[in-house]
Each structure stands twice: as structure tokens, then as C-alpha cells.
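Spelled out, the chains give:
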Amino acid sequence: MYDYDLLIVGSANADLVIGVERRPGAGETVLGSDLTVHPGGKGANQAVAAARLGARTALLARVGDDAHGRMLLDSQWEAGVDTASVLVGGAPTGVALITVDPSGDNSIVVSPGANGRLTPADVRAAGSILHAARVVSTQLEIPLETVAEVARTLAPGSRLVLNPSPPQPLPSEVLAACDPLILNEHEAKVILGEARVGEEPEDWARLLLAKGPRSVVVTLGGEGSLVASSDGVARIPSVPVRAVDTTGAGDSFTAALAWRLGLGDSLADAASYAARVGAVTVTKEGAQVSFPTADEVAAL
């Protein structure tokens, strides 16, 4: 019996968001909207998204002893996330600088701050909570060596979900533990490097599988996603909605998919559910404030 459906090991950032008519070019200044500040970070986002859907969720992360850190802890508590393993101090809270254009697309620059101080020793110290989780989900806004320690510390029978964002080459021990590896086109190109052959996402998925993951999910934006495992490759259609802001959509997709896999869904069924969660997310502004409840997903 697991105490948690999902443990998130990852980043927690303050999102500083400005709306712009268009992104500036090199050396150019453009005017934007008033600055807004929201709780964010891939780890914190996934934890809130899962908890809002009804998952028993815990977060292992590090924040600064500052106003942004307190805001992030408050948002986790309000969503029902267990924050006993959130560490405080060591550096200022991480910050993401986000611009959003009228189409809802965003560009993001992250200052890791305290996220960069989440260490393998922190993972080892939290071994009991890792062993209490049915599924563990992580990302690359924390040090890669910390992600590798998560892969080594997994309990027998638990499942590791990895979104390699921002992307970088992954060691074989991490790739071999992924079930699934969830990534978009840009991330797939980085992970594959020179090995990328062909222009079809199905080709990328097969090449990624050959690198060692037990399963792969490639997200394709408005074209949906595809899932790949030893059972084959299948397309998952998107859910058509009017996008307002895509910030956090990938995080809600990953959290929903990880949770549903822990409940026993097939990879394809979990990805279909996650597509609906992501679709609801993009119809609202912001990241965590846009994450839906299970009832909102059912209504879609």
C-alpha cells in the first residue's frame, strides 16, 4: 500500500509574467503588460496539477527563505500537496521570466536559485517518502545528478516519469529507468542528437526507445501526442479548444499522465486523459491557477 499516488521531485519557481504583442529581437525593447507574479516551476506545477485532480501528492523541492518561497508553499498547501519534504534555504527561490504573446505562446528564462541546490544527498535523506510513492515524476530544472539519484533510489515496483526539460543528454541509467520519458519535439531533438533520422514523430519515438526508456510519450502541441513502448506506437489526438495561455500546459499533461498510470491506466488511455487536462489548462491564463479539477476535465 502506497501513501502517495505521486511524488514530484523537482523545481519550484516564482513566475514573473508579462504579456507582449510580439517577442523582441536581439537588441530590441518592446512594451508589455503589467507584471504579474504567480507560483510556478515544473515540479511545483506538476504537484498542484495532480493534487487538484485528486491524486495523493507530495513534493520534494527546495525554495528560498523569502517571500517567493512562502508564496510557493502556500500554493502547495492550498492544493492539498504534502510539503513535509520541501526544503527551505540555501539560496533565493528560483524565478522564471515569462513573456506571453496574443496567441498564448510563451518564452521562458529560468534563474534556478534554490532549485540548483537540491542535491543527491537530499534525495537520499528523503528515501522513505520515495519508497512511499506509487509513481515518482521529475524534470531537469534541478541538477541532473539529483535526477540520477532519484532513478537509483526508486522503490521496487514504483515507476519513474521524466520530462527532460530543459533538455540535455541523459545518462543510460536515467534513460533505462524512465517509464515513460515525456518530451516535446525540441527536447526529442536534443536527446537524440545526431542520431535523429527522418522527419516523422514516430521515427523519433522509435529512436528514443532504442536508447533505453521502457516507454516514450512525444507531445506535438495542437497535433496531439504519440505513445511508444514495446507494444508499438500510437497517435493520441488533441482536444480542440481556444488557447489563451499555454504556460503550464505541459506540466498539467505530465502530472495527469503520471497519476493515471499509477491508477493502472494503459499508456494510451493515460495520455488521452492527460490531453483533456492540458486542453482545459490552456483555456485560462497563468500556470497553477489554470489547472483543472477532475470535474472540469469530465465536463470537457
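Residues numbered from 1 in each chain as written. Predicted model: local features only at pLDDT ≥ 70, side-chain atom pairs only at ≥ 80, totals over all residues. Heavy atoms only, no water.

### Comments concerning the sheet that holds strand E13 (residues 232-236)
Argument step 1. With mixed pairing, the 9 strands of this open sheet are ordered in space as E5-E4-E1-E8-E9-E10-E11-E12-E13. Because the sheet does not close on itself, it has two edges, and the strands there are strand E5 (86-88) and E13. Put simply, the sheet's adjacent strands are angled 15° from each other on average, direction ignored.
Argument step 2. Of the strand pairs in this sheet, strand E1 (residues 4-9) and strand E4 (residues 57-63) are connected by 4 bridges, and their pairing is parallel. (Pairing = 2+ DSSP bridges. Helix = DSSP H or I, 4+ residues; strand = E, 2+ residues; numbered from the N terminus. Axes fitted to C-alpha atoms, helices over the stretch in contact; angles between N-to-C directions.)

### Digging into unusual backbone geometry
Argument step 1. Backbone torsion omega between Ser165 and Pro166 reads -5°, so that peptide bond is classified as cis.
Argument step 2. Within the secondary structure layout, Pro166 lies in the loop between strand E9 (159-163) and helix H6 (172-177).
Argument step 3. For the peptide bond that leads from Asp179 to Pro180, omega is 10°, which places it in the cis range.
Argument step 4. Looking at where Pro180 falls in the secondary structure, it is placed in strand E10 (residues 178-184).

### Thoughts on the packing of helix H1 (residues 42-53) against helix H2 (residues 67-79)
Argument step 1. For the pair H1 and H2, interaxial distance at closest approach is 9 Å and the crossing angle is 20°. As summarised for this structure, H1 and H2 are arranged roughly parallel, according to the angle between their axes. Here H1 and H2 pass one another in a crossing that is left-handed. Judged by residue contacts, Ala44, Ala47, Val48 and Ala51 of H1 engage Leu72, Ser75, Gln76 and Ala79 from H2.
Argument step 2. When its residues are assigned to classes, the contact of H1 with H2 shows 6 nonpolar, 2 polar and no charged. (Parallel < 35°, antiparallel > 145°, perpendicular 65-115°, else oblique. Left-handed = near helix turned anticlockwise from the far one by under 90°. Contact = heavy atoms within 4.5 Å. Nonpolar A, V, L, I, M, F, W, Y, C, P; charged D, E, K, R; others polar.)

### Notes on the side chain of Thr138
Argument step 1. Within the secondary structure, Thr138 sits in strand E8 (residues 133-139).
Argument step 2. Here the side chain of Thr138 touches Val9 through a polar contact of 2.7 Å, landing on its backbone oxygen.
Argument step 3. Apart from residues lying up to four places away in sequence, Thr138 is in contact with Val9, Val147, Leu160, Val161, Leu162 and Asn163. (Polar contact = N/O pair within 3.5 Å; in protein donor to acceptor, adjacent residues only side chain to side chain.)

### Here's the deal with the packing of aromatic side chains
Argument step 1. Applying the stated criterion to the full structure yields 1 aromatic pair.
Argument step 2. Seen in terms of ring centroids, Trp259 and Tyr273 are 6.2 Å apart; in terms of plane orientation they differ by 65°. Their pairing is edge-to-face. Taken together, the residues Trp259 in helix H9 (residues 249-262) and Tyr273 in helix H10 (residues 267-281) connect sequence positions 14 residues apart.
Argument step 3. The class for Trp259 is buried, based on a relative accessible area of 9%.
Argument step 4. Its relative accessible area of 10% is what places Tyr273 among the buried residues.
Argument step 5. Cation over ring: Arg260 sits above Trp259, and NZ or CZ is 5.4 Å from the ring centre. (Phe/Tyr/Trp six-rings, centres within 6.5 Å; stacked < 30°, edge-to-face > 60°. Buried < 20%, exposed > 50% of the residue type's maximum accessible area, 1.4 Å probe, protein only. Lys NZ or Arg CZ within 6 Å of the ring centre and 35° of its normal.)

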